[in-house]
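Given next are the chains, with one letter for each unit.
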Amino acid sequence: KAVVSTQSTGEEQYTPIDPRDFTLEELRSFDGTDGKPVCIAVNFVVYDATKGKNFYGPGGPYAMLAGRDGSRALAKMSLDASDVKDGWDDLSDLTPFQRDSLSEWEMKFQTRYTELGKLIKSREVESEE
C-alpha cells in the first residue's frame, strides 16, 4: 500500500487519518467541518468517508452521521436524529430486518471507504501509577 500525504476530494485536499480505534468522543470531531475529514462508524467499524463528503459532510443529506455512530440510523433507514445516539449503542434491540439492512450498509462502506479501525466503548487505563 503506497503512503500518500494528501488525498483529493474534488477541490479540497486533506491529510488521511492514520488507522486506529476511536471512542465516540474521539470520533465526534471528524464531522467534516473546518476542512476536517468525515468519519462514520458502521457496525462498530470506523470509516473515513471523506470522499463522500457531499453526502455526509456539512450541508449533505446525511450530515447527521458525520463523526458519529451511524449504525442504528442506517439499519432503520432513518434520518431521525433520535436514531443517532450520543452514548454507546450495542444495537442489541435491532430486528432481523434491521440487522440485514445494517449488513448491506456495512458492505457499501467497506467497498467505498477506507476502514480506519474499531469503534470502542472507552480507552483502557494502561496504568494506575
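Residues numbered from 1 in each chain as written. Predicted model: local features only at pLDDT ≥ 70, side-chain atom pairs only at ≥ 80, totals over all residues. Heavy atoms only, no water.

## Focus on the overall build of the chain
No. 1: For the chain, the count of helices and strands is four helices and six strands.
No. 2: When its helices and strands are written in sequence order, the chain yields β-β-α-β-β-α-β-α-α-β.
No. 3: Excluding contacts between residues fewer than 6 apart, the proportion of contacts in the chain whose partners are at least 24 apart in sequence is 56%.
No. 4: Carbon and sulfur atoms form 49% of the exposed surface of the chain, whose accessible area is close to 7900 Å². (Helix = DSSP H or I, 4+ residues; strand = E, 2+ residues; numbered from the N terminus. Contact = heavy atoms within 4.5 Å. Areas by Shrake-Rupley, 256 points an atom, 1.4 Å probe, with all protein chains shown as cover.)

## Looking at the side chain of T23
No. 1: Within the element layout of this structure, T23 appears in the loop between β2 (12-14) and α1 (24-28).
No. 2: Excluding its chain neighbours within four sequence positions, the residues that come into contact with T23 are L119, I120, S122 and R123.

## Quick word on unusual backbone geometry
No. 1: The phi angle at D34 is positive, at roughly 55 degrees, despite the residue not being glycine.
No. 2: Positionally, D34 belongs in the loop between α1 and β3 (39-42).

## Side note on the packing of aromatic side chains
No. 1: Enumeration over the complete set of coordinates arrives at nine aromatic pairs.
No. 2: Ring centres of Y56 and Y113 lie 6.1 Å apart, and the angle between their planes is 80 degrees; on these two criteria the pair is classed as edge-to-face. Taken as a pair, Y56 in helix α2 (residues 53-56) and Y113 in the loop between α4 (96-112) and β6 (114-118) lie far apart in primary sequence, 57 residues in all. Each member of the pair Y56 and Y113 is classed as buried. (Phe/Tyr/Trp six-rings, centres within 6.5 Å; stacked < 30°, edge-to-face > 60°. Buried < 20%, exposed > 50% of the residue type's maximum accessible area, 1.4 Å probe, protein only.)

## Here's the deal with the sheet that holds strand β4 (residues 45-48)
Strands pair in a sheet through their backbones, by hydrogen bonds, and they do so in one of two ways: parallel or antiparallel.
No. 1: If you trace the four strands from one edge of the open sheet to the other, you get β5-β3-β4-β6, paired in mixed fashion. This sheet does not close on itself; its edge strands, each paired only once, are β5 (68-69) and β6.
No. 2: The pairing of β3 with β4 spans four bridges and is classified as antiparallel. Within β4, the position partnered with V42 by the bridge is V45.
No. 3: Sitting on the sheet, α4 touches β3 and β4, and the angle it makes with β3 is about 140 degrees. (Pairing = 2+ DSSP bridges. Axes fitted to C-alpha atoms, helices over the stretch in contact; angles between N-to-C directions.)

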